[in-house]
Amino acid sequence: MNRFDYVRPNTVAEAVQALGADPAARFIAGGTNLIDLMKYDVERPGRLVDITRLPLRDIEERDGGLRIGALVTNATVAYDSAVKERYPLLSSAILAGASAQLRNAASTGGNLLQRTRCYYFYDTATPCNKREPGTGCSAIGGVNRIHAILGASEHCIATHPSDMAVALAALEAVVQVSGPNGDRAIPIAEFHRLPGDDPAKDTNLAPGEIIVAVDLPAKSFTTNFTYLKLRDRLSYAFALVSVAAALELDGQTIRTARLALGGVAHKPWRNTEAEALLQGEPATRETFAAAADLILREAKPQSTNGFKIELARRAIVRGLEQAAAGTPQSQSDKRIQ
Amino acid sequence: MLIDSGSPGAAGTIGISLTINGERRNIQVAPWTTLLDLLRERLDLTGTKKGCDHGQCGACTVLVDGTRINSCLTLAVMKDGAEITTVEGLASLAAREGKNSLHPIQEAFVEHDAFQCGYCTPGQLCSSVGLMNEGHAHSRDEIREAMSGNICRCGAYTNIVDAIEDVMQQGGAR
């Protein structure tokens, strides 16, 4: 780990000021991703601004929804009684991710800001456009079993590993940020970005901005939802494909559909066209398959991850079936019903 | 491996206060020192193990204010003011409640043969206590899931779950 300066502000304004315009400075909260990257010399911050003392640890009622402070830990959100009752999809997604120790440390803001990444990003001996722009992508034509099938570019095919963010995408959460130019709200769909020709940038946060809260809208899905995560081992592994599905049903007719995928792209993947296709249709396997086909129409395999397209197709159908039946995936009993 | 955790009073070190296994300590530490390295290299509390050093194995699990975390993925300076419990302190946690012996989870690990080589055991023990403090795991499936951050390459998992279930059925442990 490199040497760095360390400061510990007490207010958001002080934190923003402490970060300043220094591109080598980083905020640190849970540290579970940043410290890991620092140990590999992937991140070499000149200054760490420890934000753990900022007053951002509350979960509050707001506009019929909830406002989750940026420093609330992933575990606290997942087990919060209001979240469990009103946003069980979010609770389930968080519990599908990482380990208990990591969820106890990781913050809400930090979960969103963990790097979109792959093993080459971690390996400083290999080229990586995300780590060192312009050096090339080792994953394209390399080992790319876990990589993106949607929205990738010729410069980067890494995926965003957050489960929480996939649920937030389906719930249409809003990220509240503060920065040198004031406060602003960023819809979750616009928070993360696709790699394009600048994969070094994972998000649309402006330099110096800090996440202060994540807002959950009033509309929650408490009956017909699921978070289905498929991975190489049953716990503590990134998704090969995950599906956050939420429905509102009128009898057997779909009134509203939300669908977001994890493990398939540089950001949580939401396709509103597919959601519109589901709307007004009967909640049947055929309808779900049509939505899956639409989403995966533009899927593009790499050399060794073609299986993910069929896996995603089946996961979408199964996820929507679980949601329609009101039988969400258990995150402890791993059998997929 | 030489760990540069900052000589006391050296330039760039920061003064912090930690309560470790019930004992309050004022420590000068370099900001890049992880909690794990501080415990092992400076304070000679070598019960907490360094396995992967990347939060993947759980051997470094300790309790910070009663909550289990990976001590390898936290900087010691960030925990200024916190109460840390390591495997060396589990028995004294039990002693605080008037029991003059091992912590119940330690006794249960012995009783159920919940280890072979023992390297992961301090992390498994602290993680088990953290799990019981959390109070979210009830079934065997839930215990297994909640312990997935602790790897045991000897494969003692079945007996580890037995040990935790046993202590939970006795009413848990703090």
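Residues numbered from 1 in each chain as written. Chains lettered and ligands numbered in written order. Predicted model: local features only at pLDDT ≥ 70, side-chain atom pairs only at ≥ 80, totals over all residues. Heavy atoms only, no water.

1. Observations concerning the packing of helix 4 (residues 121–134) of chain B against helix 6 (residues 157–169) of chain B
All names here are of chain B. Heads up, the rule is: For helices, the fitted line uses only the C-alpha atoms of the stretch in contact; every axis is such a line through C-alpha atoms, and the angle between N-to-C directions lies from 0 to 180 degrees. Strands are runs of DSSP state E lasting at least 2 residues, helices are runs of H or I lasting at least 4, and numbering of each runs from the N terminus. Here the word oblique covers every angle except those under 35 degrees (roughly parallel), over 145 (roughly antiparallel) and from 65 to 115 (roughly perpendicular). By the definition used in this description, the sense in which the near helix is turned from the far one sets the handedness, with an anticlockwise turn below a right angle giving left-handed and a clockwise turn giving right-handed. When checking whether two residues touch, look at their non-hydrogen atoms; a contact exists if any pair is within 4.5 Å. Note that Gly is not counted as nonpolar here; it falls among the polar residues with everything else outside the nonpolar set of Ala, Val, Leu, Ile, Met, Phe, Trp, Tyr, Cys and Pro and the charged set of Asp, Glu, Lys and Arg.
Running from N to C, helix 4 and helix 6 point in directions that differ by 40°, and their axes come no closer than 11 Å. By the criterion of interaxial angle, the relationship of helix 4 to helix 6 is oblique. You can see that helix 4 and helix 6 cross each other, and the crossing is right-handed. Facing helix 4, whose interface residues are Gln124, Ser128, Leu131 and Met132, helix 6 presents Ile160, Ile164, Val167 and Met168. A breakdown of the residues in the contact of helix 4 with helix 6 according to their chemical character gives six nonpolar, two polar and no charged.

2. Side note on the packing of aromatic side chains
The line we're drawing: Centres within 6.5 Å make a pair out of two Phe, Tyr or Trp rings, where for Trp the six-membered ring is used; the pair is then stacked when the planes are under 30 degrees apart, edge-to-face when over 60, and tilted otherwise. With a 1.4 Å probe rolled over the protein chains alone, any residue whose accessible area is under 20% of its type maximum counts as buried; one over 50% counts as exposed, and the rest are partly exposed.
In the structure shown here, the tally under the stated rule is four aromatic pairs over all chains. Aromatic pair A:Phe4 and B:Trp32: ring centres 5.9 Å apart, planes at 80°, arrangement edge-to-face. Of the two residues, A:Phe4 is situated in the segment before strand 1 (5–7) and B:Trp32 in the loop between strand 2 (23–29) and helix 1 (35–42); the pairing between them involves two chains. Where A:Tyr40 meets A:Tyr122, the ring centres are 5.1 Å apart and the plane angle is 80°; that geometry is what we call edge-to-face. Taken together, the positions of A:Tyr40 in the loop between helix 2 (34–39) and strand 3 (47–50) and A:Tyr122 in helix 8 (residues 119–122) put the pair 82 residues apart, joining distant regions of the chain. Among the residues examined, A:Tyr122 registers a relative accessible area of 17% and is labelled buried. The structure contains a cluster of three or more aromatic residues connected by ring pairs, namely A:Tyr40, A:Phe121 and A:Tyr122.

3. Remarks on the pattern of salt bridges
As a reminder of what qualifies: We define a salt bridge as a side-chain nitrogen of Lys or Arg found within 4 Å of a carboxyl oxygen belonging to Asp or Glu.
The tally for this structure, following the rule as stated, stands at 33 salt bridges over all chains. A salt bridge links B:Asp53 to A:Lys39, with the shortest nitrogen-to-oxygen separation between them at 2.8 Å. Of this pair, B:Asp53 sits in the loop between helix 1 and strand 3 (61–64) while A:Lys39 sits in helix 2, which puts the two residues in different chains. As far as the burial class goes, B:Asp53 and A:Lys39 line up, both buried. A salt bridge links B:Glu165 to B:Arg140; the shortest N-O distance between them is 2.7 Å. Here the residue B:Glu165 occupies a position in helix 6, and B:Arg140 occupies one in helix 5 (residues 140–146), the gap between them amounting to 25 residues.

4. Let's talk about unusual backbone geometry
Residues and elements named next belong to chain A. Although it is not a glycine, aspartate 41 sits at a positive phi angle of roughly 65°. Structurally, aspartate 41 is set in the loop between helix 2 and strand 3. Among the residues examined, aspartate 41 registers a relative accessible area of 36% and is labelled partly exposed. Residue aspartate 63 is not a glycine yet carries a positive backbone phi of 50°. Checked against the element boundaries, aspartate 63 lands in the loop between strand 4 (59–62) and strand 5 (65–69). Judged by its relative accessible area of 71%, aspartate 63 is exposed.

5. Quick notes on the sheet that holds strand 2 (residues 25–28) of chain A
Residues and elements named next belong to chain A. This is how it is decided: Strand pairing is assigned whenever DSSP detects at least two bridges linking the two strands.
Strand order in this open sheet of three strands is 1-3-2, and the pairing throughout is parallel. Single-partner strands in this sheet number two, and they are strand 1 and strand 2. Within this sheet the neighbouring strands show an average axis-to-axis angle of 20°, counted without direction. The sheet contact formed by strand 1 and strand 3 spans three bridges and is parallel. Note on strand 3: the bridge partner recorded for tyrosine 6 is leucine 48.

6. Quick notes on helix 1 of chain B
All names here are of chain B. Along helix 1, the positions that sit buried rather than exposed are Leu35, Leu36, Asp37, Leu38 and Leu39. If you follow the buried residues of helix 1, they end up packed against strand 1 (14–20), strand 2, strand 3 and strand 5 (83–85). Just downstream of helix 1 lies aspartate 44, where phi reads positive at about 60°.

7. Some remarks on the side chain of A:Glu43
Residue and element names in this part refer to chain A. For clarity, the cut-off: Whenever two N or O atoms come within 3.5 Å, that pair is a polar contact, provided that in protein one can donate a hydrogen and the other can accept it, and provided that, for residues adjacent in sequence, both atoms are side-chain atoms.
Position of glutamate 43 among the secondary structure elements: in the loop between helix 2 and strand 3. Classification of glutamate 43 by relative accessible area gives buried; the value is 8%. Separated by 3.0 Å, the side chains of glutamate 43 and arginine 26 make a polar contact. With residues near it in sequence (within four places) discarded, glutamate 43 still touches Asn2, Arg26, Leu34, Leu37, Met38 and Arg115.

8. Quick notes on the environment of B:Gln169
Structurally, B:Gln169 can be placed in helix 6. For the pair B:Gln169 and B:His138, spaced 31 residues apart in the sequence, the C-alpha separation amounts to 9.6 Å.

9. A word on the packing of helix 3 (residues 104–111) of chain B against helix 4 of chain B
All names here are of chain B. As a packed pair, helix 3 and helix 4 sit with axes 10 Å apart at the nearest point and diverge in direction by 125°. Taken together, the axes of helix 3 and helix 4 are oblique relative to one another. Judged by the twist between their axes, the crossing of helix 3 over helix 4 is right-handed. Residues Ile105, Gln106 and Phe109 of helix 3 form the contact with helix 4, whose own contacting residues are Thr121, Gln124, Leu125, Ser128, Val129 and Met132. When grouped by side-chain class, the residues that make up the contact of helix 3 with helix 4 number five nonpolar, four polar and no charged.

10. Quick look at the nonpolar core
All names here are of chain A. What counts is decided by this rule: Buried Ala, Val, Leu, Ile, Met, Phe, Trp, Tyr and Cys residues that are joined via side-chain atoms within 4.5 Å together make up what is termed a nonpolar core. All the domain ranges listed were derived from an automatic or database domain assignment.
Ranked by internal contacts, the top residues of the largest apolar core, which has 56 residues, are Ile51, Leu89, Leu90, Leu112, Leu168 and Ile210. Here the element with the most residues in this core is helix 9 (residues 164–171); it accounts for eight residues. Two domains each donate at least three residues to this core, and these are domain 1 (5–52) and domain 2 (224–325). Contact partners of leucine 89, with chain neighbours within four places excluded, come to Ala167, Ala170, Leu171, Phe225, Thr226, Tyr227, Ala244, Ala245 and Ala246.

11. Looking at the domain arrangement of chain A
When the domains of chain A are assigned, the result is domain 1 (5–52) and domain 2 (224–325). If you average the C-alpha positions of domain 1 of chain A and of domain 2 of chain A, the two centres end up 36 Å apart.

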